[in-house]
Amino acid sequence: MKQIRHFLTLLDLSQSEFHQIINRAIELKAMRRAGEVYAPFPHKVLGMIFEKSSTRTRVSFEAGMAQFGGHAMFLSSRDTQLGRGEPIEDSAKVISSMIDIVMIRTFAHKTVEDFAKHSSVPVINALTDDYHPCQLLADMQTYWEHRGDIKGKTVTWVGDGNNMCHSYINAAKVLDFKLNIACPQGYDPSPELMALNADRVTIFRDIKDAVHNSDLIVTDVWASMGQEEEQKAREKSFADFQVSPALMSLANTDALFMHCLPAHRGEEISVDMLEDSSSVVFDEAENRLHAQKALMEFLLNASH
Ligand code: CP
Ligand code: NVA
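Residues numbered from 1 in each chain as written. Chains lettered and ligands numbered in written order. Predicted model: local features only at pLDDT ≥ 70, side-chain atom pairs only at ≥ 80, totals over all residues. Heavy atoms only, no water.

Quick look at the sheet that holds strand β1 (residues 45-50) now. One open sheet holds the four strands; their spatial order is β2-β1-β3-β4, and the pairing between them is parallel. On the outer flanks of this sheet lie β2 (71-76) and β4 (123-125), each paired with one strand and no other. Ignoring strand direction, the axes of neighbouring strands in this sheet form an average angle of 20°. (Pairing = 2+ DSSP bridges. Helix = DSSP H or I, 4+ residues; strand = E, 2+ residues; numbered from the N terminus. Axes fitted to C-alpha atoms, helices over the stretch in contact; angles between N-to-C directions.)

Rendered as structure tokens:
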């Protein structure tokens, strides 16, 4: 029977596979920097299904597949039958019969699970309301490049208990680090996920207490895609949850700052935060390319 590896959450990888992908991403980055052409997947086609907006995810997957010698196909729900209600099951069977690997950015996490169930090729979660695992591959590659192994370190998540926060909880489990979550009441991450990781994940209501002794501080927008109408209410709830150079000075001296981007200066970060010496956000953004190339190579080679 055909074996297919999907990547719907970080729990689809073992710790050694996660390390293997990070190491490979670092190698692929060096090869690209050296101008080496590495095109192991000629004629392979990546389908990219987007039901939400994107800059980094679209550019990194499309460029990555082109660099591999393959082709990437952008499929927006606005102009495919997906947007007109064709069932996921039928779409998955048809699309996967013609291409070699698929990435999906959508709302309900169940959509990527249903697609994967009926797909004959690997499926990658490129962000759902619940998880954003591709971003964590890039974040963890970035931490590794600047500071080495994250095992045993303390990471602080500041802000909403959203898709990124959930993927940080999974990363803490797979890579074995401690996670502090500073969020206002009413915006906690999933209670099920918290209960499963109670040994390493702690919620704080005071942002200063949370960052104390931390090696990495991460934040994200206050209102995610699909929550635009909550923006005003969230601005009030999250007013005390801004990351600034002053907050970074309360963390460990070599602490790094990350943000998946896009960022809202003056909201979740101060206007000068992205340019602070602790900020590695633009390395983090570039690493989406290298980490996802390593991921696609891993999934294509592991599925046969
Ligand atoms: N960080 C991230 O996923 O960015 P995009 O929404 O631009 O893809
Ligand atoms: N939490 C954000 C991440 C964007 C990359 C969102 O879902 O909109």
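That covers the picture; the talk isn't over yet.
Right, let's talk about the site of ligand 2 for a bit. Neighbouring residues of ligand 2: L127, N162, N163, D220, S224, M225, C260 and L261. Separating a nitrogen atom of ligand 2 from a side-chain N or O atom of N162 is a distance of 3.4 Å. At a separation of 2.8 Å, an oxygen atom of ligand 2 approaches a polar side-chain atom of N163. In isolation ligand 2 exposes 270 Å². Once the protein is present, 94% of that is buried. Residues that form the shell around ligand 2 fall into these classes: four nonpolar, three polar and one charged. (Near = heavy atom within 4 Å. Polar contact = N/O pair within 3.5 Å; in protein donor to acceptor, adjacent residues only side chain to side chain. Areas by Shrake-Rupley, 256 points an atom, 1.4 Å probe, with all protein chains shown as cover. Nonpolar A, V, L, I, M, F, W, Y, C, P; charged D, E, K, R; others polar.)

Going through the model one piece at a time under the given rule, you end up with 18 salt bridges. Between E62 and R58 there is a salt bridge whose closest N-O contact spans 3.1 Å. With E62 and R58 both in helix α2 (residues 56-67), this residue pair falls four residues apart, about one helical turn. A salt bridge links R205 to D188, with the shortest nitrogen-to-oxygen separation between them at 2.8 Å. Separated by 17 residues along the polypeptide, R205 in the loop between β7 (201-204) and α8 (207-211) and D188 in the loop between β6 (178-182) and α7 (191-196) bring together distant segments of the chain. Given the relative accessible area of 34%, D188 is considered partly exposed. Each of the salt bridges in this network shares a partner with another, and the network as a whole consists of R24, E27 and E297. (Salt bridge = Lys/Arg side-chain N within 4 Å of Asp/Glu carboxyl O. Buried < 20%, exposed > 50% of the residue type's maximum accessible area, 1.4 Å probe, protein only.)

Bringing the side chain of S224 into the picture now. Note on placement: S224 falls in the loop between β8 (216-219) and α9 (231-237). When near neighbours in sequence (up to four residues on either side) are disregarded, S224 contacts N162 and N163. (Contact = heavy atoms within 4.5 Å.)

Within the secondary structure, I203 sits in strand β7. Sequence-wise, I203 and G64 are 139 residues apart; in three dimensions their C-alpha atoms are separated by 37 Å. Beyond its immediate stretch of four places on either side in the chain, I203 contacts I181, C183, D188, P189 and M194.

Mapped onto the secondary structure, K293 falls in helix α11 (residues 281-302). A relative accessible area of 6% means that K293 is categorised as buried. Residues K293 and L274, spaced 19 residues apart in sequence, show a C-alpha to C-alpha distance of 26 Å. Excluding its chain neighbours within four sequence positions, the residues that come into contact with K293 are L28, R32, G64, Q67 and F68.

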